[in-house]
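# Structure assessment
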Amino acid sequence: MARKVYNIYSQVCSPDNICRATYNTIRGKRHRHDVQRLLANNIIEVLQNIWQMLNDNTFEPQPCSHKQICDNGKWRTLTIPPLYPDRIVDHCIIDVTEGYLNKLYITQTYACIKGRGIHKCLKDLNRYLQKDKRGTRYCLKIDVKHYYDSIDHEIMKRIMARYFGDKRLLALQYKIIDSVQGGKGLGIGRLPSQHWANLYLTPFDHYVKEVLRVRYYLRYMDDMVFLHGNKQYLHWVLDEIRKYLITELKLEIKGNWQIFPVDARSIDFVGYKSNHFNTLARKSILYRYWNKLRKVQRKYSPFELKELWHTLSAHNGWLQHCTPQHYNIIVSKTIKQLLEMTQTNLKRGLHSAKVQPTFDVIDRITGITLYNHNQHYVEKVDEQGDKQKVNEYDSLLVQFPVTANTVFAALLSERYNASVESKLLNDYNAAVLGVEEEAKKQPYLDFLAERKALRAMVDADCSTNGIPLK
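Below, the structure is looked at part by part. (Residues numbered from 1 in each chain as written. Predicted model: local features only at pLDDT ≥ 70, side-chain atom pairs only at ≥ 80, totals over all residues. Heavy atoms only, no water.)

### Notes on unusual backbone geometry
Stated formally: Secondary structure elements follow DSSP: runs of H or I of four or more residues count as helices, runs of E of two or more count as strands, with numbering from the N terminus.
Residue P85 is reached from Y84 by a cis peptide bond, and omega for that bond is 0°. Residue P401 is reached from F400 by a cis peptide bond, and omega for that bond is 0°. Along the chain, P401 turns up in the loop between β14 (387-398) and α18 (404-415). Even without being a glycine, N7 presents a positive backbone phi close to 55°. Structurally, N7 is set in the segment before α1 (9-12).

Structure (structure tokens):
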């Protein structure tokens, strides 16, 4: 066990640490109104006030605002403390204590630890699976019910006092913990909360490794994976950790715990599905990827693969950690979908909530423009059965230069195959010569009338929007 730490409060309230914490708080957030208001004031006076609060032990947490967000189908309540002084003080504490906290964690603890994020956790899991296939045949997967809301304040304080001996630092941390009413819970979204939530389960980690002596164990915040070659052993582990969590930490395991063969179902953990042979992307991740791909196609088509990866760089970075065969399948399907999309530059029957610009330049470097035409409102029934009016239109991709003639030529080539006009003209000439029946003339006449109407529409749109004829 790491030694108890004393006399570090002077580091927390040092001017250097306060300046560094203020910079870390506002870094990358200059566009936010609260940051702009802070910078508009006398920043030296702000820093002096924070130093005075910490040095005189007069800091008191301010009331926080709350925001509801939907995270992968789960609604969570975020706690948003005010920028000054709360968020700056939060950084003052964590910037100093983070290094000491990291020494307390076992190597199989992840989340909010530098160098130990999702992909380090995935890498270690796969290493265990490949290292000992017989010893990792079965998996116990659990998580804690309402973890952040269930953290007991008194237990949290006892754990902190076990590792930190500086009374002024403990008093400051206790104030932030007790700012959440009810004696339970840490605010999700507050910087110290994630570090203290990891600290809360640190005694449990040592119990699992040192008392139960579980060889293959990983924890990402409150999600835990236990691997073993014997199913009955995992049932025994489940009973023991359930007793420990209830009695020592007042936590309850969710009822959706699972013990299953690894290769039969794969381990759904940290966004991937892992077994002894593959690492696959979670289904929800793939759904988001394909949905984003379709949105990009509708907006920017056609696309080269290199340009696509720039737009979907986050998704590509995530998928690259899958098994190469799985990743190559996703790439090949992506290319196939792009090729199908690039076969036509004309999309018909699109819908939007409002009227689209007739000429929309989507690439100012190459001059590629969308020609949104034939716009009209139609009545559509939504999923709830309600009727609403939406704008229906056709969209044509036009290469540079954009003139009435190039737009009309592109529209004709997309609407009609090159052989269509030749066939209609041959049938018309045959009917004129008496080789074919008289009715064969009408399709070609209809084609000419539609072509004339298209030309009039293009000329009118170009004239209205200042597009030249040639």
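### A short note on the packing of aromatic side chains
Here is the rule we go by: Stacked, edge-to-face and tilted labels apply to pairs of Phe, Tyr and Trp rings (six-membered ring for Trp) whose centres lie within 6.5 Å, assigned for plane angles under 30 degrees, over 60, and everything in between, in that order. Relative accessibility under 20% of the residue-type maximum defines a buried residue, over 50% an exposed one, and the middle range a partly exposed one, all with a 1.4 Å probe and only protein chains included. Any Lys NZ or Arg CZ that is within 6 Å of a ring centre and within 35 degrees of that ring's normal is treated as a charge sitting over the ring.
Applying the stated criterion across every chain yields a total of 13 aromatic pairs. The interplanar angle of 45° and the centroid separation of 5.4 Å between the aromatic rings of Y428 and Y444 together place this pair among those described as tilted. Taken together, the positions of Y428 in helix α19 (residues 418-432) and Y444 in helix α20 (residues 441-464) put the pair 16 residues apart, joining distant regions of the chain. With a relative accessible area of 23%, Y428 lands in the partly exposed category. Members of the aromatic cluster, each reached through a chain of ring pairs, are F204, Y207, Y217, F226 and Y244. Above the ring of Y174, the side-chain terminus of K157 is found at 5.4 Å from the ring centroid. A cation over an aromatic ring shows up here: R265 above the ring of F260, its NZ or CZ 4.7 Å from the ring centre.

### So, α20
Basically, it comes down to this: Expected helix span is computed as 1.5 Å times (number of residues minus one).
The first and last C-alpha atoms of α20 sit 35 Å apart over 24 residues, in line with the 34 Å expected at 1.5 Å per residue. Just downstream of α20, G466 is the residue with a positive phi angle, here 75°.

### Observations concerning the nonpolar core
Selection criterion: Within this scheme, the nonpolar core is defined by two criteria: the residues are buried Ala, Val, Leu, Ile, Met, Phe, Trp, Tyr or Cys, and they are joined through side-chain atoms within 4.5 Å. Residue contacts are defined here by distance: any two heavy atoms, one from each residue, within 4.5 Å place the two residues in contact.
Counting residues in each nonpolar core, the largest one holds 72 residues, and the members touching the most others are Y147, F204, F226, I241 and L249. Element by element, the count of residues in this core is highest for helix α5 (residues 83-104), at nine residues. Residue contacts for I241: discarding those within four places in its chain leaves L140, I142, F204, V208, L212, F226 and I253. Core analysis: the second largest hydrophobic core is formed by 31 residues, Y216, L218, Y272 and I330 among them.

### A short note on the packing of helix α8 (residues 153-163) against helix α10 (residues 191-200)
Selection criterion: Fitting a line to C-alpha atoms yields each axis, with helices limited to the stretch in contact; the angle taken between N-to-C directions then spans 0 to 180 degrees. Every angle not falling under 35 degrees, over 145, or within 65 to 115 is termed oblique; those three ranges are roughly parallel, roughly antiparallel and roughly perpendicular. In this count, Pro and Cys sit with the nonpolar residues alongside Ala, Val, Leu, Ile, Met, Phe, Trp and Tyr, while Asp, Glu, Lys and Arg are called charged and the others, Gly among them, polar.
Close contact between α8 and α10 brings their axes to 10 Å; oriented N to C, the two are set at 85°. Taken together, α8 and α10 sit at an angle that is classed as roughly perpendicular. Contacts between α8 and α10 involve I155, M156, I159, M160 and Y163 from the first element and W196, L199 and Y200 from the second. A breakdown of the residues in the contact of α8 with α10 according to their chemical character gives eight nonpolar, no polar and no charged.

### Let's talk about the sheet that holds strand β4 (residues 138-143)
Backbone hydrogen bonds are what pair the strands of a sheet, in a parallel or an antiparallel way. Operational definition: Between any two strands, at least two bridges found by DSSP are needed for them to pair.
Strand order in this open sheet of five strands is β3-β5-β6-β4-β7, and the pairing throughout is mixed. Strand pairing shows two members of the sheet lacking a second neighbour, β3 (109-110) and β7 (258-261), which therefore form its edges. Inspection of the sheet shows β4 paired to β7 by four bridges, in the antiparallel sense. If you follow K141 over to β7, its bridge partner there is Q258. In this fold helix α6 (residues 118-131) packs onto β3, β5 (216-220) and β6 (223-228), with an angle of close to 165° to the strand it touches most, β5.

### Digging into the environment of G466
Within the secondary structure, G466 sits in the segment after α20. A residue is classified by how much of its surface remains accessible, and G466, at 60% relative accessible area, is exposed.

### A short note on the sheet that holds strand β8 (residues 267-269)
Read across the open sheet, the three strands follow the order β8-β9-β10; overall the sheet is antiparallel. Edge positions in the sheet fall to β8 and β10 (279-281), since each of these pairs with one other strand and no more. The mean inter-strand angle of the sheet, taken between neighbouring strand axes irrespective of direction, is 30°. Two elements, strand β9 (residues 272-274) and β10, share three bridges in a ladder whose sense is antiparallel. Each bridged residue has a counterpart across the sheet, and for K273 the counterpart in β10 is L280. Against the sheet, α6 engages β8, β9 and β10, with an angle of about 10° to β9.

### With respect to the pattern of salt bridges
Operational definition: For salt bridges, the criterion is a side-chain nitrogen of Lys or Arg within 4 Å of an Asp or Glu carboxyl oxygen.
A full pass over the atoms with the stated rule returns 18 salt bridges. Residue D86 pairs with R190 through a salt bridge whose shortest N-O separation is 3.1 Å. In this pair, D86 sits in helix α5 while R190 sits in the loop between α9 (167-178) and α10, placing the two residues 104 residues apart along the sequence. A salt bridge links R415 to E450, with the nearest nitrogen and oxygen atoms 2.9 Å apart. Highlighted residues: R415 in helix α18 and E450 in helix α20, separated in sequence by 35 residues. Since its relative accessible area comes to 34%, E450 is described here as partly exposed. Each of the salt bridges in this network shares a partner with another, and the network as a whole consists of D86, D90 and R190.

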